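# Architecture and fold: a report
Chain residues, written in single-letter form:
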Amino acid sequence: MAKQCVVGYYFSPEEIIEATAKTRERNFANFDAFTPFPVHGIDQAMGIKRSTLPYVSFGAGMMGFGAAFGLQVWTHMFNWPLNIAGKPLFALPAYVPILFELTVLLAGVTTVLAMFGYYLKLPNWNKPIFHPDITNDRFALAIEVNSEAEVEPVKRFLKEIHAQDIHHVGGEL
Amino acid sequence: MKGQLVTQPLVEGNKSYADVNNDVCRPLESFPTKLWLVAFGASATIMTIGFGLIGLLIFMGTGYSGIRSPVGWGMMIITFVFWIGIGHAGTLISAILFLFKQKWRTAINRSAEAMTIFAVMCAGIFPLIHTGRPWYSAYWLFPLPNTMGPLWVNFRSPLLWDVFAVSTYFTISLFFWYTGLVPDFASVRDRAKNWIRKKVYGFLSLGWRGSSRGWHHYEIAYMILAGLSTPLVLSVHTIVSFDFAVSIIPGWHTTIFPPYFVAGAIFSGFAMVVTLLVIARKVFNLEEYITVNHLEAMNKIILATGMIVGLAYATEFFIAWYSGVPYERYIFLQRAMGPYAWAYWIMIGCNVISPQFFWFKSLRRNIPLMFVLSLFVNVGMWFERFVIVVTSLATDYLPSSWNYFKLTWWDYSVLIGSFGMFFTLFLLFCRFVPTIAMAEVKSVMPTKGGHHG
Amino acid sequence: MSMAKDELEALRMKQEEILTGTTRQLWQSIEDRSGDWETIKARRGKEFSVLPIEREWNQSDSPSSVVVENPGRRKFLQWTTAASALLASTACTRRPVDHLVPYTRKPEGLTYGVPQWYASTSASGFGLLIKTREGKPIKLEGNPDHPVNQGGLDSQTQASLFDLYNPDRLKAPLNVKTTTAITWSDVDSEMKKVLADAPAGSVRVLTGPVVSPSLRSSLDRFVSKSGARHHVTENIPTDPIAEAYEVLSGQKIVPTFQFDAADVIVSVDADFLGTWIRPLEFTKSFSKRRKIHRGDSNVNKLFVFESVHSLTGVAADERHSIRPSQQTALLMALGAEVSARVTADASAKSLFGGASASQLASQNGLDLAAVRAAAAALVQARGKALVVAGGRGANALADQILAAGLNSILGAAGSTLDFSRPMILGIEKGASYAELKVDIEKGGVSALIIQGVNPVYTDREFAGLLSKVKAVFTMSPELTETAAVSSFALPESHYLEAWGDTEIRQGVYSVQQPVIEPLYSTRSFAEALESWSSGSTANYRDQVVALWKREFFTGGDFTAWWNDVLKSGAVTRAGKGSAPAMKWAQGQSVVSRVKFTKPEGLELALIPSINLRDGSSANNPYIQELPDPITKITWDNYVGVSPKFAAKMGLNENLIDGEAKTKELPSDFRSELVEVTVNGQSIVLPVFVQTGLDENVVSIQLGYGRTSAGQIGSGVGKNAFVFAASNAGQTQFRGMSVSLKKVSGRYELASTQKQFDLQGRDSDILQQHSLKDFLAHSGEHKKHPSADLYNEKEWVYPGHRWGMAIDLNSCTGCNACVVACYTENNVSTVGRDEVIMGRHQAWMRLDLYHSGDARNPVSAFEPMLCQQCANAPCETVCPVLATVHSSDGLNDMSYNRCVGTRYCANNCPYKVRRFNWFQYSDKLANKVTKVDPLPLMINPDVSVRTRGVMEKCTFCVQRIRNGVDETVQSRMKRVPDGHIKTACQQSCPADAIVFGDLNDPESEVSKLAHAKGGFKVLEILNTKPSVTYLPRIRNRDSV
């Protein structure tokens, strides 16, 4: 029995927040709201847990720092020690700029890649787009159902919470 | 609304969400206007000529440029610093103003970031062609493992710090920009009539659907990037200033350079943003989104940073006198009264005098005036770098090797060429990328239930 | 259809075979065995394929075409034979022969890559050590064993190495009229004819100075055989010293000037350190008395009265600008003052009889105080005093007579003037040039042989005269102005290609041996003369050896002696001369003719260019690009005027103003053009405002304006010889009245130094003391507190630590070190335009700084080269580590790692780093592509720099490494002091540069590094240079 999504639409951030809050109480297996822009407050309404992304970024940053430190100290002090203008081999102040840059570089790049690739599972061009106006001025609420039988009750529920032109489409959420 | 710089509505002419998409996407979907075609043709031609001359330099020798002993750095380093400086405004608007919750930035951050990226691209060319053997410096400046026994780069050299700083800056800015673009690409995809646009923007949008769970991670990531970019943007020009401050040349060897350079960078950057937006908002009639309030806010920043720069100039002189170092003193007298006085006073006129007009609200909101002044500031900031680079080198320690530096036809042509490149890229951006972050603008627009966000 | 039929046929055959049981036992191929009849049939009778050419015949549809169905065996063989025959025939073609000479049998004593040194003698007569690599001479150095130059070598002689490889050399004799190259035998037969036809006494030989005994003998032989007459002259005639002594004593003699014996020297327009007679010799002996930093506090005192700022003027302790027309009066006044103070030698005093210094001074505007001071000093140093006069003013002969008189009163003879070993200038014998001109004018000359001089260039009348001579043979290295208007231009061998000898000081004989086969079909003048007089073209070596055996050999084993001579380069024999008896009355008669009039109007001073001298080496880029030591201008001559005059005439005072010349750098270096006119002759030249000129004197350098020098030298500057006047049988170079007219247009002179004022940075850059102060003070010069952020112990130099000391008190600014550096290190010349751009490549340069009044400035030279700083600012900033510190204290520069960011050059406070803006190394003066044989001149031990890399002085690291290897091979612990000499140090005639190991407390350099008063340039920057400068000490009471 293929999974299906029942979708209903709203036209303002307030409505969708309200709706998602209600939907959450019914604790469906899986549901999501689709909005043209980040609607603030919807996270709490949907009960989304805080993202773990910052830890990933921090880790990456530390790796960058370590790599920069290792590279500079190793090349200057051990692999190729040279007398450069009579300066000491371990020239920490001179290493600072590159320590900083590589930290930022790895942290930044990893953040973006992890966000899209791991958390959003993007790129993925195969998921259904319920309505072209979701990226324009519509706010969609989609509830995933496991069987044909569940479709109708869910539709009814959506009607209760004032969703408009409700319809259902095949495929996962 | 707290912490907000302006109290007027951020978007005028009470628009609906749909209007935003329609207005912003119009240039992408309509056939290019004559104006655009002419502008693009012109700047593309200039860019091509510029690259031709760079080719000449690479094949024949660095000697075409006016650089000579003792002035080893000339047009190319000056212009490099100039463009890097221009870039800074973009990151500042997108990152720092974001952290400060300046919602008015949403209208301009997209084009400002684009400007950053293009400016850094222009800047990136110069250090490369400035070297005597670009075909080597293109990769010898990176610590690449090699088979020549231990052979590494010098991590003590400010130029190497530059390499890392600029490449990091470019990468992060690009990622930042693209992250912001993904939802808007999705908008363009969803309203696309012809299938090519659907395919292309569909591909670029990575299949974005606007899921709230996605938005959650997205906003966190955006916050982190902003957090990273803020120190980055400050570090980049700091490190560029190290190229001078770390050396022993009188007039260069000063600790004031990092803040002085960063302020100057933001100063010139904002001027460039004003220049571009005053044109863009008219040409693509986005006046309701990029309002006079926005421009005024930027003019305030120009005024502030202009004052900082002016203070820096004064401080330099004071320290030169106070230090009692004859070489230092001589250099600064040279700058103001010597053979380069003309350049120095152009700099003062453009950077210190011209922003003073912005004390007056009426002038701050006067679009033709601010356009002219922003051009002045850009000229002035180029000359600031000219004064710094040239005067110190031309008359340093040993009078015997003093010489007068002149730019050659080649120098001028390549400077113009770099502007050609910059505008070519910017015009392409206006054609093919939503010039305003639609999603972000919507999030700060008044809704039926009053102001949201 | 047919296919099917064949198959059927094949099948039938098979059945047949099977039925009849005649199955084939023997088979010739797989197909045969398997009975693949198709293939077999297809192949039958086609064993030999159709040759491609036949296939073409078959295809070609022309009626005549042979159609070959089936070639067959014979045909195949025919074709094969024909083909192989053709193939064989091609093997007979002659290939061009390349001479590649691998040392299968190694020349004796030659190790590949190890230089060979030969002792020889330059054309000018100085002792040389010639460095050759694999048979190519690549460097000329002074021969320390030579009694005259004693190791030093001047810039001209060092650069003359280029003249050997000069691409514009005449490569074969040339018939100028028909402009066809001819052979030497043609020349010889032509000469025979000419000599036969010429009426008696109508054959003349015009040569430059002849200082070679062997050449002299060949010349005499030729003259006697052909009944020719020998005239001698010089491009730039020496001051008439010999003539003066001839007047006074009947002897044409020039005593050797012993500057090292003189405590007090007074020079009146005699630039004996720059251009006067033999500057190299004089610099050597003069600087011997400037070694205060090496413990000799008995330094000499030099008074200079000169009309143009010269090297001697810079070296002077007291310098005074005069006008050329004041020379004689000055000498007169000096004489009067001196004779007033001295009792002895009444006869010589008669020269100055009745003259009163004060009267002369007032009459001629002399600085009486200065004259009195000089006179007092001279008298005080009587017996150790020397007066030299020069400059060829209006009364050249009288000046020399007065100088001789002064020296005689001061008892110079035997101490500062050596008559026992007089100088030999090579102009003592031979008829005069003036006579020759007269004879030609009269039409008494039918054949003329010219060598060693270029009269068409130096004498504006001579070209016209030549048309009166039937046959003119001119011998010269390149097609000079004279050769170009002769009948025959004869290529002359370079002195590195020919045998010969010289005697430039009586009793000092120096041998000249070739180090390379003549590159082209050339002869030395002596060889040519021999072949013309005796018809022999035998190796001239035999002549030289025979002569030496006859004249200079003192007995014993000749071969051994001769080999020693070749090794040492010179032998000395007892001097024959003696101080002649003077008849001052005759001198008096000459002097009495001089009229002293108040000098008026503008006076011109023609001076030989310190670099180009007479212009004969004008095609030499090393000479042309050498900055004039005083004005630092290259590639041009100009009108030197004083700031006051410039101001008066409204010319832009481009560098210095009238008073203190503390101007900041101007933005426009273009000079105004003026038209200079001297009795009818006029040329247009740019103006240069310079120091050390009287307001009423303008100076122009000779040696420029060659029209037929070659690709490099032609058309550089203007020829000022046209202004040379003739006065009482003497060429006059100074004191002609001249007029200047400003003309429109401007011209930028290529100068390598634009600011000559220290801007009050003396204590940091160039310290000068008066002798009094220096002796009085403890010598603790101004020390700057040096705080070091780093642990100085971190970098120690365990073995050697190379350092240098430069004695500013000895340096005369002669440019020898600069040229030495160019030739040793393959430094490129870049040409006028690039010099204007400030892209002069010299690794070693001579900074000149003036202070005080622009008319009588106090000036000092400062050789500037890479200071090899211990804390080198250039090293920190190089992103690719192309320049780092070596373990023996050198600032290494690896050219192939350099990417050319030029950051190091920016950060070098001494500005000694040079960048290759273009591919300079491929060209001469960035103009003439280096074709063979020029690449042979490159020193293989120093890598040739490519475009886009930075280069700089390395203390001649190749010499250091070589020297260290040698000591290691000879099992020595350390390099002995003085074993390694840098190129600049070796060539320095003043011994101002000392190089060595700073770690060795006994080495001369480490002694000097801690010598009293020694300082480092820009010590405040704490760059810790390895070069110590020893201050300039002026022998006077205050600087």
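Above this text is the structure in question.
Starting from 1, residues in each chain are numbered consecutively following that chain's sequence as written. Note on labels: chains are lettered from A, ligands numbered from 1, in written order. In keeping with the predicted nature of the model, local features appear solely for residues at pLDDT of at least 70, side-chain atom pairs appear and are counted solely at 80 or more, and the whole-chain, interface and lining totals rest on all residues. Side-chain metrics in this entry use all non-hydrogen atoms of the structure; hydrogen atoms and water are not considered.

## A short note on the nonpolar core
What counts is decided by this rule: By nonpolar core we mean a set of buried residues, namely Ala, Val, Leu, Ile, Met, Phe, Trp, Tyr and Cys, connected to one another through side-chain atoms within 4.5 Å. The classification of residues rests on relative accessible area computed with a 1.4 Å probe and restricted to protein chains. Under 20% of the type maximum is buried, over 50% is exposed, and intermediate values are partly exposed. Two residues form a contact once any of their heavy atoms are found within 4.5 Å.
With 368 residues, the main nonpolar core has W83(B), F244(B), F386(B), F257(C), F272(C) and F955(C) as its most contacted residues. Once you skip the residues sitting within four places of it in the chain, F244(B) turns out to touch W73(B), I77(B), V81(B), W252(B), H253(B), F257(B), F261(B), I388(B), V389(B) and Y903(C).

## Let's talk about the pattern of salt bridges
Residue and element names in this part refer to chain C. Basically, it comes down to this: When a carboxyl oxygen of Asp or Glu lies within 4 Å of a side-chain nitrogen of Lys or Arg, that pair is called a salt bridge. A run of H or I in DSSP becomes a helix once it reaches four residues, and a run of E becomes a strand once it reaches two; helices and strands are each numbered from the N terminus.
A complete count under the given rule lists 61 salt bridges over all chains for this structure. Between R319 and E306 there is a salt bridge, and its shortest N-O distance comes to 2.7 Å. With R319 in strand 11 (residues 318-321) and E306 in strand 10 (residues 301-306), this residue pair connects regions lying 13 residues apart in the sequence. Given the relative accessible area of 7%, R319 is considered buried. Across the pair E441 and K468 runs a salt bridge, and its minimum N-O distance is 3.5 Å. Of this pair, E441 sits in helix 17 (residues 433-442) while K468 sits in the loop between helix 19 (462-466) and strand 15 (471-476), and the two are 27 residues apart along the sequence. On the accessibility criterion, E441 (45% relative accessible area) is partly exposed.

## Re the sheet that holds strand 28 (residues 734-737) of chain C
Residues and elements named next belong to chain C. Test applied: The pairing criterion for strands is at least two bridges between them, as found by DSSP. Here an axis means a line fitted to C-alpha atoms, over the contact stretch when the element is a helix, while the angle between two N-to-C directions is reported on a 0 to 180 degree scale.
As summarised here, the arrangement of the 7 strands in space is 28-20-25-22-24-23-29, forming an open sheet in which the pairing is mixed. Two strands bound the open sheet, and with one partner strand each, they are strand 28 and strand 29 (739-748). Ignoring which end each strand starts from, the neighbouring axes of this sheet average 35° apart. In the sheet, strand 20 (residues 603-608) pairs with strand 25 (residues 697-702) via 6 bridges, with the strands oriented parallel. The partner of A605 across the bridge, within strand 25, is S699.

## Quick look at the pairing of strand 34 (residues 858-864) of chain C
Residues and elements named next belong to chain C. The element strand 34 is extensively covered by neighbouring structure, given that 7 of its 7 residues are classed as buried. With burial as the criterion, each face of strand 34 is covered, one bearing V858, A860, E862 and M864 and the other bearing S859, F861 and P863. Examined bridge by bridge, strand 33 (residues 845-851) and strand 34 share 7 bridges and lie antiparallel to one another. For R845, the partnering residue across the bridge sits in strand 34 and is M864.

## Examining the interface of chain B and chain C
Heads up, the rule is: Buried area counts how much accessible surface, traced with a 1.4 Å probe, disappears from two parts once they are put together, with both parts' losses summed. Polar contact is the term for a pair of N or O atoms within 3.5 Å; when the atoms are in protein, one must be able to donate a hydrogen and the other to accept it, and sequence-neighboring residues count only if both atoms are side-chain atoms. In this classification, the charged set is Asp, Glu, Lys and Arg, the nonpolar set is Ala, Val, Leu, Ile, Met, Phe, Trp, Tyr, Cys and Pro, and all remaining amino acids, among them Gly, are polar.
Listed by partner, the interface residues are 60 residues for chain B and 58 residues for chain C. Of the roughly 4700 Å² buried between chain B and chain C on both sides combined, carbon and sulfur atoms contribute 58%. If you look at where chain B meets chain C, you find 1 salt bridge. For K911(C), the salt bridge is made with D396(B), and the minimal N-O distance between the two is 2.9 Å. On inspection of chain B and its partner chain C, the count reaches 35 residue pairs in polar contact (both at pLDDT 80 or more). Among the elements of the structure, helix 2 (34-60), helix 5 (134-140), helix 6 (158-191), helix 8 (212-245) and helix 11 (326-337) of chain B are those that each provide at least two residues to the side of chain B that touches chain C. Taken together, the residues of the side of chain B that touches chain C break down into 33 nonpolar, 21 polar and 6 charged.

## Quick look at the side chain of T132(C)
Residue and element names in this part refer to chain C. By secondary structure assignment, the location of T132 is in strand 2 (residues 127-133). Classification of T132 by relative accessible area gives buried; the value is 2%. Contact partners of T132, with chain neighbours within four places excluded, come to P115, Q116, Y118, P137, I138 and V515.

## A look at the interface of chain C and chain A
Each side of the interface is counted separately: chain C has 12 residues, and chain A has 9 residues. Together chain C and chain A conceal approximately 1100 Å² of surface at their shared face, both sides included; 64% is due to carbon and sulfur atoms. Looking at the side of chain C facing chain A, the largest losses of area belong to Y790(C), W795(C) and L881(C), adding up to 51% of the total buried there. Here chain C and chain A share 0 salt bridges between them. Linking chain C with chain A are 4 residue pairs in polar contact (both at pLDDT 80 or more), by the criterion used here.

## Side note on unusual backbone geometry
Cis geometry is found at the peptide bond from L122(A) to P123(A), where omega equals 0°. Here P123(A) shows up in the loop between helix 4 (92-119) and strand 3 (139-145). The amide bond that connects S69(B) to the next residue, P70(B), takes the cis arrangement and shows omega of 0°. With respect to the secondary-structure elements, P70(B) resides in the loop between helix 2 and helix 3 (75-99).

## Things to note about the packing of helix 16 (residues 396-409) of chain C against helix 24 (residues 584-592) of chain C
Residue and element names in this part refer to chain C. Condition: Angular relationships are summarised with four words: roughly parallel below 35 degrees, roughly antiparallel beyond 145, roughly perpendicular across 65 to 115, and oblique for the angles in between. By convention the crossing between two helices is left-handed if the near helix lies anticlockwise of the far one by an angle smaller than a right angle, and right-handed if it lies clockwise.
Where helix 16 contacts helix 24, the two axes come as close as 9 Å, and the packing angle between them is 140°. Considered as vectors, helix 16 and helix 24 are oriented oblique to each other. In this structure, helix 16 meets helix 24 at a crossing whose hand is left-handed. Residues L397, A398, I401, L402, A404, G405 and S408 of helix 16 form the contact with helix 24, whose own contacting residues are W584, G587, V590 and V591.

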